[in-house]
Amino acid sequence: MNLRRLEYFTVLAQVGNLRRAGEMLRVSPPALSKAMKVLEEEMEAKLWVRDGRRIILTDAGKLLLRKSASLMAELKNLKESLAGTGANRSLRIGTFEVFSTYFLTFLREARWEEHNLELHEFLPGEVEKYCAQGEVDLGITYMPIPDPQLDFLKAASIEMGVFTLKGAFKGVPQKELPFVIPVMPLQGVPTKVRGLDGWPEDSYQRKVVHKVTLLESALELCRQGRVAGYFPVFIVNEHNKRVREELHLERRKSPYPDRKCTHDVYIVKRKSSEETVVVKQLAKALRTVCGV
């Protein structure tokens, strides 16, 4: 059913005159009459008859008029909902703190004036869960947990490193550094990585002295010179732009120079949703921010 034709019918029924209704709707009488014939064909019922210059509703027309307000409201809501699945709407992104704090510089890298950003912070695993349920439109993760309802589109790679406060722990080998790590372990990830920071526990041991929930808490402990942290390089680069030089973090020289630790970054989307220009813009922004 066409919403505009239903609106035309409502005005015509209330005015009772084809010419006056056309003037109110800014539609010519022949065009209005044609629209009403199409509506009758859609409804498979005669809705009105002429009585001279007056319009008289049939019983079917009277029933449609009584129902028209609720029908139009439902059609408008449906239209808005369907329009909401397009590009020009609030974009709901689900990710975890690594990508929801310092990573927000991606807003500078794409034309986001067309969108309102709604950012949800989840744990890995929850990103996939809420994306599959339709609670968010897209996810960003470097700890993908497979789900048959989802597509994982590789967008970029991030390099990881061990960082401490500049000048701290001089001469201390990496195995003896005190580390801060995330409290929450990972579950369901198809790798041997079990820490939220992606430390390769299957290959290297570290001395853990503190556990925190928030990335910012880990960075603060590093700024105080108390611990070392394992962070994405792009995050520390952004961090160092925002703090005084004496609070800068520096990358420790790796005892394993032949191994470079990286994680692929994925955009998570439902298989049922289109790969829109927004996805491509976000992927480009990810590559720019991550320095790829």
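Now for a description of the structure that goes with this document.

A short note on the packing of helix α1 (residues 3-15) against helix α3 (residues 29-43)
Orientation of α1 relative to α3, taken along the N-to-C sense of each, is 110 degrees, at an axis distance of 10 Å. Taken as axis vectors, α1 and α3 run roughly perpendicular relative to one another. Along this stretch, α1 crosses α3, giving a crossing that reads as left-handed. On α3, the residues touching Arg5, Tyr8, Phe9 and Leu12 of α1 are Leu32, Ala35, Met36, Val38, Leu39 and Glu42. Its residues placed into classes, the contact of α1 with α3 shows eight nonpolar, no polar and two charged.

Observations concerning unusual backbone geometry
Backbone geometry places Arg26, a non-glycine residue, at a positive phi of 60 degrees. Inspection of the secondary structure assignment puts Arg26 in the loop between α2 (18-25) and α3. For Arg26, a relative accessible area of 80% corresponds to the exposed category. Notably, Glu44 is not glycine yet its phi reads approximately 55 degrees, a positive angle. As for its position among the elements, Glu44 is in the loop between α3 and β1 (48-51).

What to know about the pattern of salt bridges
All told, the structure shown has 15 salt bridges when counted by the stated rule. Linking Glu245 and Lys166 is a salt bridge whose minimum nitrogen-to-oxygen distance equals 3.9 Å. Here Glu245 is found in the loop between α8 (233-242) and β10 (249-251), whereas its partner Lys166 is found in the loop between β6 (150-165) and β7 (178-182), with 79 residues between them in sequence. Taking the relative accessible area as the measure of exposure, Lys166 reaches 48% and is therefore partly exposed. Notably, a salt bridge pairs Glu246 with Arg244, separated by 2.7 Å at the nearest N-O pair. Exposure remark for Arg244: the relative accessible area of 53% places this residue in the exposed category. Here the salt bridges share partners, and the residues they tie into one network are Asp151, Lys269 and Lys271.

Observations regarding the side chain of Asn17
Note that Asn17 resides in the loop between α1 and α2. If near-sequence neighbours (up to four positions away) are discounted, Asn17 is found in contact with Leu12, Arg53 and Ile55.

Details of the environment of Arg206
Relative to the assigned elements, Arg206 resides in the loop between β7 and β8 (207-212). For Arg206, a relative accessible area of 14% corresponds to the buried category. Expressed as a C-alpha distance, the spacing of Arg206 and Lys175, which sit 31 residues apart in the sequence, is 5.6 Å. If we ignore the near neighbours within four places in the chain, the residues touching Arg206 are Phe179, Ile181, Asp197, Trp199 and Tyr230.

Brief notes about the pairing of strand β3 (residues 90-95)
As judged from the six bridges shared by β3 and strand β4 (residues 116-121), these two strands associate in the parallel manner. Bridge pairing links Leu91 to Leu117 in β4. Bridging between β3 and strand β5 (residues 138-141) involves two bridges; their strand directions are parallel. Looking at β5, one finds that Ile93 is bridged to Leu138.

Section: the packing of aromatic side chains
Geometry of an aromatic ring pair is reported as the spacing of the ring centres plus the angle between the planes. The tally for this structure, following the rule as stated, stands at four aromatic pairs. Aromatic side chains Phe122 and Tyr130 sit 4.6 Å apart centroid to centroid with 20 degrees between the ring planes, which places their arrangement in the stacked category. Between Trp199 and Tyr230 the ring centres are 4.9 Å apart and the planes differ by 80 degrees, which places this aromatic pair in the edge-to-face class. Of the two residues, Trp199 is situated in the loop between β7 and β8 and Tyr230 in strand β9 (residues 229-232); the sequence distance between them amounts to 31 residues.

Description of the packing of α1 against α2
Where α1 contacts α2, the axes come no closer than 9 Å and their chain directions differ by 130 degrees. With respect to α2, the axis of α1 lies oblique. For the element pair α1 and α2, the recorded crossing hand is right-handed. Across from Tyr8, Val11, Leu12 and Val15 in α1, the residues of α2 making contact are Leu18, Arg20, Ala21, Met24 and Leu25. Per-class residue counts for the contact of α1 with α2 are eight nonpolar, no polar and one charged.

Rules used in this analysis
- Per-chain numbering applies: the sequence of each chain, read as written, is numbered from 1 onward.
- pLDDT decides what is reported in this predicted model: residues at 70 or higher carry local features, side-chain atom pairs at 80 or more are listed and counted, and totals for whole chains, interfaces and linings draw on all residues regardless.
- The side-chain figures draw on all heavy atoms in the structure; neither hydrogens nor water molecules are used.
- Only the contacting stretch of a helix is used when fitting its axis, a line to C-alpha atoms as for every element, and angles between N-to-C directions run 0 to 180 degrees.
- Helical segments are the DSSP runs of H or I of at least four residues, strand segments are the runs of E of at least two, and each set is numbered from the N terminus.
- To sort the angles, those under 35 degrees are grouped as roughly parallel, those over 145 as roughly antiparallel, those from 65 to 115 as roughly perpendicular, and the leftovers as oblique.
- If you view the pair so one helix is near and one far, a crossing is left-handed when the near helix is turned anticlockwise from the far one by less than a right angle, and right-handed when it is turned clockwise.
- Contact definition: two residues touch when any of their heavy atoms are within 4.5 Å.
- For this classification, the nonpolar set comprises Ala, Val, Leu, Ile, Met, Phe, Trp, Tyr, Cys and Pro, the charged set comprises Asp, Glu, Lys and Arg, and every other residue, Gly included, is treated as polar.
- A 1.4 Å probe rolled over the protein chains alone gives each residue an accessible area, and that area as a share of the maximum for its type sets the label: buried under 20%, exposed over 50%, partly exposed in between.
- The working definition used for a salt bridge is a side-chain nitrogen of Lys or Arg within 4 Å of a carboxyl oxygen of Asp or Glu.
- At least two bridges found by DSSP between two strands are what make those strands a pair.
- Ring pairs are drawn from Phe, Tyr and Trp, using the six-membered ring of Trp, whenever the two centres fall within 6.5 Å, and their geometry is named by plane angle: stacked under 30 degrees, edge-to-face over 60, tilted for the rest.

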